[in-house]
Amino acid sequence: MPSIMLFEPEIPPNTGNLIRLCANTGSTLHLVEPLGFSLSDKALRRAGLDYHQLAHVHRHADLAQARQAVPGRLLAFSTRGTTRYDRVAYRPDDVLLFGPETRGLPDAVLDELPEAQRLYLPMVPDSRSLNLANAAAVAFFEAWRQLDFKGAT
């Protein structure tokens with residue numbers, strides 16, 4: 001099952017929504033510090049409702065620690081990506097990486113990956129970006145669809 005990794009997330013409701021997504025899909029959410037909020041934040045709890053008890057959420061001190069703990073293929077999503085997200089053959093061990101809401105993934109992170117692993121979601125011209133939780137949901141469901149929704153009823 002692919003997992004979702006948030007690099008330095010800043011907005012609690014986005015993380016709360018992704019906790020809910022992971023709880024309902026059986027995926028794991030990885031949070032790379034620093035976080036722009038506390039995991040006990042009221043907005044986070046409200047967005048995730050009581051799903052945090054059903055979700056697998058792991059915190060990592062930095063990206064290097066996260067990569068050591070989660071060794072699958074890293075697919076980074078960015079408006080600066082070069083490969084459209086639906087043109088990838090997803091694998092069960094894929095890690096879908098998303099950057100902070102206000103600035104996206106740093107160039108240093110993107111530059112370490114082959115172009116084929118730097119993905120983007122199509123948008124109309126002159127658009128800035130999609131909401132983080134929405135982008136992660138779109139990407140995750142494409143990956144899960146390709147894996148025939150393994151584990152779903």
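Parameters at a glance
- Residues numbered from 1 in each chain as written.
- Predicted model: local features only at pLDDT ≥ 70, side-chain atom pairs only at ≥ 80, totals over all residues.
- Heavy atoms only, no water.
- Helix = DSSP H or I, 4+ residues; strand = E, 2+ residues; numbered from the N terminus.
- Rg over C-alpha atoms; globule rule 2.2 N^0.38 Å.
- Buried < 20%, exposed > 50% of the residue type's maximum accessible area, 1.4 Å probe, protein only.
- Contact = heavy atoms within 4.5 Å.
- Areas by Shrake-Rupley, 256 points an atom, 1.4 Å probe, with all protein chains shown as cover.
- Lys, Arg positive; Asp, Glu negative; His and termini not counted.
- Charge placed at Lys NZ, Arg CZ, Asp CG, Glu CD.
- Phe/Tyr/Trp six-rings, centres within 6.5 Å; stacked < 30°, edge-to-face > 60°.
- Expected span 1.5 Å × (residues − 1).
- Polar contact = N/O pair within 3.5 Å; in protein donor to acceptor, adjacent residues only side chain to side chain.
- Pairing = 2+ DSSP bridges.
- Right-handed = clockwise from strand over helix to strand, strands pointing away.
- Axes fitted to C-alpha atoms, helices over the stretch in contact; angles between N-to-C directions.

What to know about the overall build of the protein
Link 1 in the chain: When you go through the protein residue by residue, the secondary structure sums to five helices and seven strands.
Link 2 in the chain: Along its sequence from the N terminus, the protein presents helices and strands in the succession β-α-β-α-β-α-β-β-β-α-β-α.
Link 3 in the chain: Against the globule reference of 15 Å for 153 residues, the protein gives a C-alpha radius of gyration of 14 Å, in line with a compact fold.
Link 4 in the chain: Based on the C-alpha atoms only, the size of the protein along its principal axes is roughly 35 × 35 × 35 Å.
Link 5 in the chain: Within the protein, the proportion of its 153 residues that are buried is 48%.
Link 6 in the chain: By sequence separation, contacts in the protein at least 24 residues apart represent 75% of the contacts at least 6 residues apart.
Link 7 in the chain: Of the roughly 8100 Å² of accessible surface on the protein, a fraction of 50% belongs to carbon and sulfur atoms.
Link 8 in the chain: Of the charged side chains in the protein, 16 are positive and 17 negative, and the gap between their average positions amounts to 4 Å.

Some thoughts on the packing of aromatic side chains
Link 1 in the chain: What the rule picks out here adds up to five aromatic pairs.
Link 2 in the chain: A ring pair is formed by Phe-141 and Trp-144, whose centres lie 5.6 Å apart and whose planes are at 65 degrees; its orientation type is edge-to-face. With a gap of three residues between them, Phe-141 and Trp-144 both fall in helix 5 (residues 132-146), about one helical turn apart.
Link 3 in the chain: With relative accessibility at 37%, the residue Phe-141 sits in the partly exposed group.
Link 4 in the chain: Owing to a relative accessible area of 6%, Trp-144 belongs among the buried residues under this scheme.

A word on helix 5
Link 1 in the chain: Helix length check: helix 5, at 15 residues, gives a terminal C-alpha distance of 21 Å against a target of 21 Å (1.5 Å per residue), a fit within 8%.
Link 2 in the chain: Taken residue by residue, helix 5 has Leu-132, Ala-133, Ala-135, Ala-136, Ala-139, Phe-140, Glu-142, Ala-143 and Trp-144 as its buried positions.
Link 3 in the chain: Structurally, helix 5 contributes buried residues whose contacts are with strand 1 (3-7), helix 1 (12-25), strand 4 (74-77) and strand 6 (95-98).
Link 4 in the chain: Two or three places before Ala-133, at the start of helix 5, stands the capping residue Asn-131, its side-chain oxygen 2.9 Å from that residue's backbone nitrogen.

With respect to the pairing of strand 1
Link 1 in the chain: Counting buried positions along strand 1 gives five out of five residues, so the element sits mostly inside the fold.
Link 2 in the chain: Summarising the sheet, strand 1 and strand 6 pair through four bridges and their orientation is parallel. Each residue of the ladder has a partner; that of Leu-6, found in strand 6, is Phe-98.
Link 3 in the chain: Looking at chain direction, strand 1 and strand 2 (residues 28-32) are connected through four bridges and run parallel. Note that in strand 2 the partner of Ile-4 across the bridge is Leu-29.
Link 4 in the chain: Handedness of the β-α-β unit built from strand 1, helix 1 and strand 2 comes out right-handed.

So, the sheet that holds strand 3 (residues 56-60)
Link 1 in the chain: If you walk across this open sheet you meet the seven strands as 3-2-1-6-4-7-5, and the pairing is parallel. Both outer strands of the open sheet, strand 3 and strand 5 (83-84), are each paired with one neighbouring strand and no more.
Link 2 in the chain: Contacting strand 1, strand 2 and strand 3, helix 1 crosses the sheet at an angle of about 150 degrees to strand 2.
Link 3 in the chain: Sitting on the sheet, helix 5 is in contact with strand 1, strand 4 and strand 6, with an inclination near 160 degrees to strand 6.

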